[in-house]
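Residues per chain are reported as follows:
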Amino acid sequence: MYKLYNVKAWGSLVIHCLLEEMEVPYTNIWMTAEQVRAPAFRESSPLGLIPALGLPDGRSLYESAAIVSFLVAAHPEKHMSPALGSPAYGEFMSLLHLMSTELYPTNNLALGEGGYAQDAAHEAFIMARARERADTYWQILERRLSASGPWLMGREFSALDLYAFMLSLWGRPSESALHDRFPAMAKLAAAVRARPKLKAVLESHGVMKIGGYG
């Protein structure tokens, strides 16, 4: 059985949602920010970051995109990605890594979580520029959804939609403002919130309603 190390409305939310959609057995381990920062947690997550996923054989996985990639490959019968090795799967992976390596860290900078600023004025400058950069990535997803939605892989719901939903919760200056700028993304977020399997999970993270984060 998997073990999910989980903090409410943090980056573990996408894995929590994916496990519920897949209906695979797992144990949910709620953690506090203090527990995540504790040295002992680095045995499961060397960077001391959420999420981490304990595997049945005792190993642990970390990095959200890596965990998503593992789960969709380990459980292909759950159809949370295109067929492994197909051209559509390559496209799926491109979008997953766009979100995880470009949009996710840029979102963090827009939230003031980069730790790079010299002073308050510098922090404000970084946050503003990061929001501008994040919007260029959201525009890529918005164009795709507008052209071939309702989901990022067209008519097929996938793990990508859960990842995009999670990132949208942290939109700047607010989730609702992000929805105003990107209406196709707003529709995706509403559709994710309407999925029956996710109701309890989203409520447990406090994000069943718009603006629940922060």
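What counts, and at which threshold
Residues numbered from 1 in each chain as written. Predicted model: local features only at pLDDT ≥ 70, side-chain atom pairs only at ≥ 80, totals over all residues. Heavy atoms only, no water. Buried < 20%, exposed > 50% of the residue type's maximum accessible area, 1.4 Å probe, protein only. Helix = DSSP H or I, 4+ residues; strand = E, 2+ residues; numbered from the N terminus. Pairing = 2+ DSSP bridges. Right-handed = clockwise from strand over helix to strand, strands pointing away. Salt bridge = Lys/Arg side-chain N within 4 Å of Asp/Glu carboxyl O. Axes fitted to C-alpha atoms, helices over the stretch in contact; angles between N-to-C directions. Parallel < 35°, antiparallel > 145°, perpendicular 65-115°, else oblique. Contact = heavy atoms within 4.5 Å. Nonpolar A, V, L, I, M, F, W, Y, C, P; charged D, E, K, R; others polar.

Trainee: Outline the pairing of strand S1 (residues 2-6), listing residues and values.
Mentor: Counting buried positions along S1 yields four of five residues, so the element is predominantly enclosed. As judged from the five bridges shared by S1 and strand S2 (residues 26-30), these two strands associate in the parallel manner. Within S2, the position partnered with Lys3 by the bridge is Thr27. Tracing the backbone out of S1, into helix H1 (residues 13-22) and back to the parallel element S2 gives a crossover that is right-handed.

Trainee: Kindly report on the pattern of salt bridges, identifying the contributing residues and their values.
Mentor: According to the stated counting rule, one finds nine salt bridges in the structure shown. In this structure, the salt-bridge partner of Glu91 is Arg144, at a minimum N-O distance of 3.1 Å. With Glu91 in helix H4 (residues 87-110) and Arg144 in helix H5 (residues 120-148), the pair connects residues that are 53 residues apart, well separated along the chain. Put simply, Lys199 and Glu203 hold a salt bridge, and the shortest N to O gap is 2.7 Å. Of the two residues, Lys199 and Glu203 are both situated in helix H9 (residues 199-205); the distance of four residues between them amounts to about one turn of the helix.

Trainee: Requested: an account of the packing of H4 against helix H6 (residues 159-169), with residues and values cited.
Mentor: Between H4 and H6, whose axes approach to 10 Å, the crossing angle comes to 10°. Relative to H6, the element H4 lies roughly parallel. Of the residues in H6, those in contact with Phe92, Leu95, Leu96, Met99, Ser100, Leu103, Tyr104 and Asn107 of H4 are Ala159, Leu160, Tyr163, Ala164, Met166 and Leu167. The residue makeup of the contact of H4 with H6, split by class, is 12 nonpolar, two polar and no charged.

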